[in-house]
Structures are given as structure tokens and as C-alpha cells.
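Summary of the model geometry
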Amino acid sequence: MKSSFRAPSNIALVKYWGKYGVQLPSNPSVSFTLDACATETTLELTEAAGISVVLDGVDTPSFVPKVAQFVERIADRHPWILRYGLRVNTHNTFPHSSGIASSASGMSALALCVVDLAAKLGHEVADPRQEASVLARLGSGSACRSVYGGLVVWGETPSVDRSSQDFGVPYADAVHEVFRTYRDTVALVDVGQKAVSSTAGHQLMEAHPFREQRFAQAHGHLAALKPILAAGDLDAFMELVELEALTLHGLMMSSQPSYILMRPNTLHIIEAIRAYRRESGVPISFTLDAGANVHILYPAAFEQTARSFVEDQVKPWCKDGRTIADRVGQGPVSLQQ
Ligand code: PMV
């Protein structure tokens, strides 16, 4: 018996940074679900015990511990899974060595397969998408936002109804048309392994001198985004999203020990974006995840202009001139024939 899903990655606008318990967020976050950057996974239940992982057609034992930890964490909710061996066949649509984390899309795809198999085996699942979000969260926090399309909130906060610590929820308040088709061109600055993992970064928030202010700020930013998203207020959107990105990296730089994930070319690109916006008035902005790459965000209507800007002023700073053109997507799809 098997199940197959394609699940996209996501990029946070208000960042989750800091966690407690079993993958519970210290502050609320909201993200755009992406489209092109995705993982396609088939999960097969086998009679023979054991876990095997095939990545891009190649047996990859180094991924087995990650899947084993995931199974361990979800076993309370899905004890049936322990009766089977698991064969995972997975493929990322973005280049393996792009420095783009595949954990959000990968864990989301795997979680969707588990919930689908639970249903096929006759186990009752009241809200399959919500359950997949819980399981994805147990695999990798931000993955819980990848089970829905569009804007997704994770973490309980007073300004978002039904928001939860346990799972992501589709953002249900008014959203201006412009944000439904927003573009994200990812500038690949550093395609290697990160010097400090997200897991270590979350841990450093535990004793961070600015933790309480940061967590309060994130709640404030979720609330502030509400009228911005409803009105399509691009200036306010860009200001808030860039502040979030720089705050995330500011938290890294002010952790003990301190560290820096931006590279010189990250700053060159940020400078180019801000200068171009100032001079042209084109609403191009940036965000960053926990790495050196720059996500360049802009409305679909500015696609042509943004593309030539990227070509002329961003690619020279990218590793081998590489970028990935992505956009806000509709969320995961079943790949079942
Ligand atoms: O889900 P994790 O543990 O890889 O943490 C992701 C954290 C950020 O990408 C920096 C922010 C976020 O909300 O996705």
C-alpha cells in the first residue's frame, strides 16, 4: 500500500524563531506557500521491517535517521505505523545543492502520505489536512505551514482566529488580490551547508537577551499585517517584511555565541533591491530565511521589470548566477494515479 504527494516549500513573512516542548513555536508566524520549490514523495508500507529512503533515484541511508525520528514522534498519534516497514521515495523539484531547505516541503509531503495511508487503512482522521499539519510540525516546525496554499499562520495569537500552537491554519481574514499571485525569485548566494543549523538557532533563543521583546514583536507584527494584507498596502508590507528578515538575522548576530549567516553578497543584493526601489518606485522587496539566500518579493504585475532587474543587478552576486523563479502557490496535491 502506498501514497504519493507533492508538497511545496514556504517562505515566512513573520518568522518563527525559538521553540519549546515538542516543536511548539515561541511566537506566531505567517508564510507564503510557494509553488516551484516542492518535494514529491511516495511512502510505501512494507511487510519487512526497517526504513529505506531513495532520494532522486539513489538509495540514501543518511536520510533514514530523520525519518526514524519522525516516526518516533508521530507514533503516539499513529501507532499503526510501527507495524510496517517504510519505503520512502522522494525527489525535490529544486536543485539539491541550492541551499534551499527541503525540510518544510519534505516533511509536509511525508506527513500527507501518512495521513492518507491512515485513512486507507480505515483509521478515523477527523480533519486530514489539520492532522497532516500536526505531523509535519513534529517533523520540522515550519513544515506545518506547507500543507495549505496561500498565506498560512502557525502559532496562537489573538489577532488570528483559530490560530494554534499545534498546526498551521489558512489565513482566513481579507487578503488583497495582489498577494494571491505574489512572486518570489530566490537569489542563490551560498549553496553549501549552513554554518549553524536552524535547530541550533532555535536553541539559542532560549537564553537570548532579547527573547521576550522579540516574541511580543512577532505578535504585534501579525496584528499589524491584518490591515496591510486587506488593503494591499505594499509600502507597509515591504517595510514590515524586511524588518522581520533583518530582525531574524539580528537575533542570530546577537545570540551567545553570535553568528552570521548572511554573506557579503547577501548584503550586496539587499542594497541593490533598496536602491532600485528608491530610484524606480517599483515595489520590490526582500526576505531571508535562516541562510544567505535572498528571497526577492514583488507583485505579479511587475514581473517583467523585476526580471530584468534580477538579470542585471542580482545575478552577478549569485553563485554561478543562479536564481529560482517561484510564486505563491495553491498548496500540496495528491499524486495518486
Ligand atoms: O522549521 P525550522 O526549524 O527549519 O525553522 C525555520 C525557521 C525560519 O525559516 C527561519 C523561519 C520560518 O518561520 O520559517
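Residues numbered from 1 in each chain as written. Predicted model: local features only at pLDDT ≥ 70, side-chain atom pairs only at ≥ 80, totals over all residues. Heavy atoms only, no water.

Turning our eyes to something else, we now look at the site of the ligand. Around the ligand, the neighbouring residues are A12, K15, Y16, W17, S140, G141, S142, R145, S198, H202, L248 and A290. Between S142 and the ligand, the recorded distance is 2.7 Å, taken from a side-chain N or O atom to an oxygen atom. Within the side chain of H202, an N or O atom sits 3.0 Å from an oxygen atom of the ligand. Here the ligand, which alone exposes 380 Å², has 89% of that area covered by the protein. Classifying every residue of the shell around the ligand by side-chain character gives five nonpolar, five polar and two charged. (Near = heavy atom within 4 Å. Polar contact = N/O pair within 3.5 Å; in protein donor to acceptor, adjacent residues only side chain to side chain. Areas by Shrake-Rupley, 256 points an atom, 1.4 Å probe, with all protein chains shown as cover. Nonpolar A, V, L, I, M, F, W, Y, C, P; charged D, E, K, R; others polar.)

In this section: the pattern of salt bridges. It is possible for side chains of opposite charge to pair when their charged atoms get near one another. Following the criterion strictly, the structure yields 14 salt bridges and no others. Here R180 and E177 are joined by a salt bridge, their closest N and O atoms 3.7 Å apart. By relative accessible area, which is 54% here, E177 ends up exposed. A salt bridge links E303 to R307; the nearest nitrogen and oxygen atoms lie 3.2 Å apart. Within this pair, E303 and its partner R307 are both found in helix α8 (residues 303-314), separated by four residues, close to a single helical turn. (Salt bridge = Lys/Arg side-chain N within 4 Å of Asp/Glu carboxyl O. Buried < 20%, exposed > 50% of the residue type's maximum accessible area, 1.4 Å probe, protein only. Helix = DSSP H or I, 4+ residues; strand = E, 2+ residues; numbered from the N terminus.)

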